[in-house]
Amino acid sequence: MTSANENPEQIEGLRPEDPGFRRALIAVLFAGLASFQALYATQALLPTLSDELSVDPATAALTVSATTGGLACAIIPVSILSERFGRRRVIVISAFAATLLGLVVSIAPGIGSMIALRLLQGIVIAGVPAVAMAYVSEEVHADHVSRVMGLYISGTTVGGLLGRIIPSIVLEFASWRTAIAVSATVAFIFAILTWYFLPQQRRFTPKKLSFAGEGQAIARHLRDPRILALCALAFLFMGSFVSLYNYLGFRLGDKFGLSPALAGFVFILYLSGTWSSARAGVWAKTVSRRRLIAIATLAACVGLGLALLPWLPALIVGVLIFTASFFVAHSLSSSGVGLVAQRDRAEASSMYLFSYYAGSSIVGWVSGMVFSRFEWAGLIPWLVVLSFVAGACAVAGLKPRR
């Protein structure tokens, strides 16, 4: 926070030669690790939760859907609150609360209380993705924002991966409760490191809360069919992505007999998205954004087709292709929101993130019912339809105006 004698507008953002720059770089990495590890802490455990708690796959998947749903509902209000109370405070409180709740989840007496706790966990997690970009944009010099945000996105990717792999490994020699507790403990350590390294804000000026003004901005975006089309991609494609990974463990165990640890290592395929999202901007310079999203959508459908085959190598290759393609489409459409919105870009981005996590929650849950009724042979065609419609929406949304 700035002192009384300092004008935030006159303070230059952090550069690599500044002592606080490296601290900010490290802190946003740990913030991404802490929050997204907490977000996906139960996804790799879904088959075990289904067996141990005697619930169907769709109910078990609510331990993921409830968390992403809570995040979706909280992301806009939390971003508004940060305008008044400060970005750093929201990020630190969010990271600590989310990881501590993870420890409470490990002792939940039943599936109902676990889902309720995961919903609450999603609400408090929202502080990191809702505010991280604003913190970096304010505190880091404009020339270096992309570098810092790139590291934050890497942290979210690796955090999501650790949230899946750590519990699946621990499950080999301990109970699912221990697996969740160990994962939450690691995430809590990341939260401590976030608090330690994250520099105090120097360029932040508190603002009066204006929910009415934010509502008016969002209402304007709701009348723009191009932004709605991009939000539709976020909702449907993210829903397909989470659905595939939610029920992948069931397929790997039931069809191919993989242990939880081996099935968990399949989540390493998630890193293909880290690579492809970083390359998407480069590819978009030679291929139009719309055309690249169309190509990524078709590739994702091909990947899902391979995942339908009763052959483990085909499944792995298919999931790899789908994951990389999804992140290309998501990267281009999320940045496309900023290009399409002529004003109130922060609100437009919040709408996109809301759609993104709402799709994870709602579509992920509905896909569980599809999987319970029609199994893998019904789930994959359902995801193909969702992915194709998602891509078509984005291509329409990015069509240039005459």
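Residues numbered from 1 in each chain as written. Predicted model: local features only at pLDDT ≥ 70, side-chain atom pairs only at ≥ 80, totals over all residues. Heavy atoms only, no water.

> Can you lay out helix α12 (residues 271-283) for me, pointing to particular residues and giving the numbers?
For an α-helix, the turn length of 3.6 residues means that residues three or four places apart are oriented alike. Given a rise of 1.5 Å per residue, 13 residues ought to cover 18 Å, and the 18 Å separating the end C-alpha atoms of α12 matches this to within 8%. Among all positions of α12, only Ser272, Gly273, Ser276, Ser277 and Ala280 are buried. (Helix = DSSP H or I, 4+ residues; strand = E, 2+ residues; numbered from the N terminus. Expected span 1.5 Å × (residues − 1). Buried < 20%, exposed > 50% of the residue type's maximum accessible area, 1.4 Å probe, protein only.)

> Could you give an account of the pattern of salt bridges, naming the residues involved and the relevant values?
Here the idea is simple: oppositely charged side chains can pair when their charged atoms come close. Summed over the entire model, instances satisfying the criterion amount to 1 salt bridge. Across the pair arginine 226 and aspartate 224 runs a salt bridge whose closest N-O atoms are separated by 3.3 Å. The burial state of arginine 226 is the same as that of aspartate 224; both residues are buried. (Salt bridge = Lys/Arg side-chain N within 4 Å of Asp/Glu carboxyl O.)

> Give me the packing of aromatic side chains: which residues, what numbers.
How two aromatic rings sit relative to each other is given by the distance of their centres and the angle of their planes. Evaluated as defined, the whole model comprises 21 aromatic pairs. Both rings, one in phenylalanine 241 and one in tyrosine 270, keep their centres 5.7 Å apart while their planes meet at 45 degrees; by these two values the pair is tilted. Linking phenylalanine 241 in helix α10 (residues 225-254) with tyrosine 270 in the loop between α11 (260-265) and α12, this pair joins segments that are 29 residues apart in sequence. Its relative accessible area of 1% is what places phenylalanine 241 among the buried residues. You can call tyrosine 270 buried: its relative accessible area is 6%. Pairing phenylalanine 326 with phenylalanine 327 gives two aromatic rings, centres 5.1 Å apart and planes at 70 degrees, and the pair type is edge-to-face. This pair shows no difference in class: phenylalanine 326 is buried, exactly as phenylalanine 327 is. Every member of this aromatic cluster is reached through a ring pair, and the members are Phe237, Phe241, Tyr245, Phe267, Tyr270, Phe322, Phe326, Phe327, Tyr352, Tyr356 and Tyr357. (Phe/Tyr/Trp six-rings, centres within 6.5 Å; stacked < 30°, edge-to-face > 60°.)

> Quick one: what's the story with the nonpolar core, residue by residue and with numbers?
Ranked by internal contacts, the top residues of the largest apolar core, which has 122 residues, are Phe241 and Trp376. In this view, tryptophan 376 contacts Leu244, Tyr247, Leu248, Arg251, Ala307, Leu308, Leu315, Phe371 and Pro381; residues no more than four positions away in its chain are not counted. (Core = buried A, V, L, I, M, F, W, Y, C linked by side-chain atoms within 4.5 Å. Contact = heavy atoms within 4.5 Å.)

> Summarise the environment of glycine 112; cite the residues concerned and give the values.
Along the chain, glycine 112 turns up in helix α5 (residues 111-125). When the C-alpha atoms of glycine 112 and tyrosine 357 are compared, they prove to be 21 Å apart, with 245 residues separating the residues in sequence.

> I'd like to hear about the confidence of the model for the protein, residue by residue, with values.
Mean pLDDT over the protein: 86, with 92% of residues reaching 70 or higher. Of all the helices and strands in the protein, helix α9 (residues 211-222) carries the lowest mean pLDDT, 72, while α5 carries the highest, 96. (pLDDT = per-residue confidence, 0-100.)

> An account of the layout of surface pockets is needed here, citing residue identities and associated values.
The volume enclosed by the second largest pocket comes to roughly 250 Å³. Lining the second largest pocket are 18 residues; nearest its centre among them are Pro47, Thr48, Gly249, Gly253 and Pro260. Mapped onto the lining of the second largest pocket, the elements with two or more residues apiece are α2 (46-52), α10 and α11. With 6 residues, α10 is the single largest residue contributor to the lining of the second largest pocket. Here the residues of the lining of the second largest pocket sort into 9 nonpolar, 7 polar and 2 charged. (1 Å grid on protein atoms, 1.4 Å probe; cavity = no way out; pocket = protein on both sides within 12 Å on 5 of 7 lines; lining within 4 Å. Points joined across faces, edges and corners; volume = space filled by probe spheres on them. Nonpolar A, V, L, I, M, F, W, Y, C, P; charged D, E, K, R; others polar.)

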